[in-house]
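Fold and contact review
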Amino acid sequence: MSLFDPQQILTLSQVSGIQYFPSIDSTNQYLLQHTDYPSGYVCIAEQQTAGRGRNGRVWVSPPTGNLYLSLLWHFPLQKLPWSSLSLVVGVAVAKALAEYPNIAVNLKWPNDVMVAGNKLAGILVETLSRDKMTVVIGLGLNIHMPTNYRDDIQKPITDLASLTTNRINPNLLVATILKQLVTALELFAKKGFAPFIADWESYHANQGALASVSQGNTVIEGKIIGINAEGALLLQQGDIITPIYSGEPSVKLIK
Ligand code: BTN
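Computed from a prediction, not measured in an experiment: that's the story for all the values here.

1. Here's the deal with the site of the ligand
Every one of the 20 residues lining the ligand counts as a neighbour, but Ser 26, Gln 48, Arg 52, Arg 54 and Lys 119 are closest to it. Here an oxygen atom of the ligand sits 2.8 Å away from a polar atom, N or O, in the side chain of Ser 26. With respect to the ligand, the side chain of Lys 119 contributes an N or O atom lying 2.6 Å from an oxygen atom. A total of 420 Å² of accessible area belongs to the ligand in isolation, and the protein chains cover 99% of it. Counting residues per element, the shell around the ligand draws most heavily on strand E6 (residues 118-128), at four residues. Of the residues in the shell around the ligand, the class split is six nonpolar, 10 polar and four charged.

Following this line, the structure appears as structure tokens:
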């Protein structure tokens, strides 16, 4: 039996359309191949055979239990702080999940959705390189991760089923996420990243912590003091503040 009812999600969320697959290679890949679809078009699957994570990693996407969702969005403007877009998505997802009582969601830069140090959801924003105005926003959310797949994942993870005893209505959950996403993307198109900075920092898991960030062969150490107007992580070493932009850096907490 399917976990999701696309018709119900469409009615509840008012997005422009939904394509549902019991199984697909990657929902992001599907929308990247259909960028002629209207803004707000959604692809949902119950299994991905080639789920993609950030930095070329695999997103473990076993059948029935989790959410694999992508949203196509056309921005009217080219001049937007694109590097902050994935942080905007993180804020929208955190706000949607905050509607579930007792789940203390926070964000790890740039956009991992975490609960108590365990990853609950991942976000992958992709675009066709020739056109930044059209983006595909991918979200993988662990609702019920089968135990036999957990060993395939190198990092500590969690799922909604372990975090709440309340029954989760998957269609309402997806619709809530989509509504938050649409509101956030419309605001980002008008005002850029500025309206999201305070919200992002309020969800920030590692604000004030010491961190080491690897970028290529260089390792930068410092205290995380927040993010800037482009979504870069700000690391302070003495009087020097270094902005860390998207790319390959991985934040490792020292303390
Ligand atoms: C991460 O590495 O944290 C990002 C993971 C993003 C996974 C989602 S699942 C739906 C969409 N389709 C994909 O192939 N990847 C994203």
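2. Some details on unusual backbone geometry
Cis peptide bonds are those with omega within 30 degrees of zero, and the linkage from Trp 109 to Pro 110 qualifies with 0°. Within the secondary structure, Pro 110 sits in the loop between strand E4 (105-108) and strand E5 (112-115). Unusually for a residue other than glycine, Ala 116 sits at a positive phi of about 50°. With respect to the element layout, Ala 116 can be found in the loop between E5 and E6.

3. Focus on the packing of helix H1 (residues 6-13) against helix H6 (residues 170-191)
Close contact between H1 and H6 brings their axes to 9 Å; oriented N to C, the two are set at 40°. Between H1 and H6, the angle falls in the class oblique. Pair H1 / H6 crosses with right-handed handedness. Between H1 and H6, the contacting residues are Gln 8, Ile 9, Leu 12 and Ser 13 on the first element and Asn 171, Leu 172, Val 174, Ala 175, Leu 178 and Lys 179 on the second. Grouping the amino acids of the contact of H1 with H6 by side-chain chemistry returns six nonpolar, three polar and one charged.

4. Regarding the packing of aromatic side chains
Throughout the structure, instances matching the rule amount to seven aromatic pairs. When the ring of Phe 21 is compared with that of Tyr 30, the centres are 4.9 Å apart and the planes differ by 65°; the resulting orientation is edge-to-face. Each member of the pair Phe 21 and Tyr 30 is classed as buried. Between Phe 75 and Phe 188, the ring centres sit 5.7 Å apart and the planes meet at 75°, which makes this aromatic pair edge-to-face. Pair noted here: Phe 75 is in the loop between strand E3 (67-74) and helix H3 (85-97) and Phe 188 is in helix H6, with a separation of 113 residues, a long-range link.

5. Here we look at the nonpolar core
With 62 residues, the main nonpolar core has Leu 67, Phe 75 and Leu 141 as its most contacted residues. For Phe 75, the residues in contact, after removing those within four places along its chain, are Leu 80, Trp 82, Leu 85, Met 133, Val 135, Leu 185, Phe 188 and Ala 189. Judged by nonpolar contacts, the second largest core, of 10 residues, contains Leu 31, Leu 32, Tyr 41 and Ala 45.

6. Description of the pairing of E5
Residues of E5 alternate between two faces, with Asp 112 and Met 114 on one and Val 113 and Val 115 on the opposite face, all of them buried. Direction of pairing for E4 relative to E5: antiparallel, over a ladder of four bridges. Its bridge partner being in E5, Asn 106 is matched across the sheet by Met 114. Between E4 and E5, which pair antiparallel and follow one another directly, the connecting turn spans three residues. Bridge count for E5 against E6 is three bridges, and the pairing is antiparallel. Looking at the pairing, Val 113 lines up with Ala 121 of E6. Hairpin connection of E5 to E6: two residues between the antiparallel strands, including Ala 116 at a positive phi of 50°.

7. Concerning the pattern of salt bridges
Two side chains carrying opposite charge are able to pair once their charged atoms lie near each other. A complete count under the given rule lists four salt bridges for this structure. For Asp 112, the salt bridge goes to Arg 54, with nearest N and O atoms at 3.3 Å. Of the two residues, Asp 112 is situated in strand E5 and Arg 54 in the loop between strand E2 (41-45) and E3; the sequence distance between them amounts to 58 residues. Both residues of the pair, Asp 112 and Arg 54, count as buried. One salt bridge connects Lys 95 with Asp 199, and the closest N-O pair in it is separated by 2.9 Å. One end of the pair, Lys 95, is in helix H3; the other, Asp 199, is in helix H7 (residues 197-203), and 104 residues separate them in sequence. For Asp 199, a relative accessible area of 25% gives the class partly exposed. Three or more residues are tied together by salt bridges with common partners; here these are Arg 54, Asp 112 and Lys 119.

Cut-offs used in this document
- Residues numbered from 1 in each chain as written.
- Predicted model: local features only at pLDDT ≥ 70, side-chain atom pairs only at ≥ 80, totals over all residues.
- Heavy atoms only, no water.
- Near = heavy atom within 4 Å.
- Polar contact = N/O pair within 3.5 Å; in protein donor to acceptor, adjacent residues only side chain to side chain.
- Areas by Shrake-Rupley, 256 points an atom, 1.4 Å probe, with all protein chains shown as cover.
- Helix = DSSP H or I, 4+ residues; strand = E, 2+ residues; numbered from the N terminus.
- Nonpolar A, V, L, I, M, F, W, Y, C, P; charged D, E, K, R; others polar.
- Axes fitted to C-alpha atoms, helices over the stretch in contact; angles between N-to-C directions.
- Parallel < 35°, antiparallel > 145°, perpendicular 65-115°, else oblique.
- Left-handed = near helix turned anticlockwise from the far one by under 90°.
- Contact = heavy atoms within 4.5 Å.
- Phe/Tyr/Trp six-rings, centres within 6.5 Å; stacked < 30°, edge-to-face > 60°.
- Buried < 20%, exposed > 50% of the residue type's maximum accessible area, 1.4 Å probe, protein only.
- Core = buried A, V, L, I, M, F, W, Y, C linked by side-chain atoms within 4.5 Å.
- Pairing = 2+ DSSP bridges.
- Salt bridge = Lys/Arg side-chain N within 4 Å of Asp/Glu carboxyl O.

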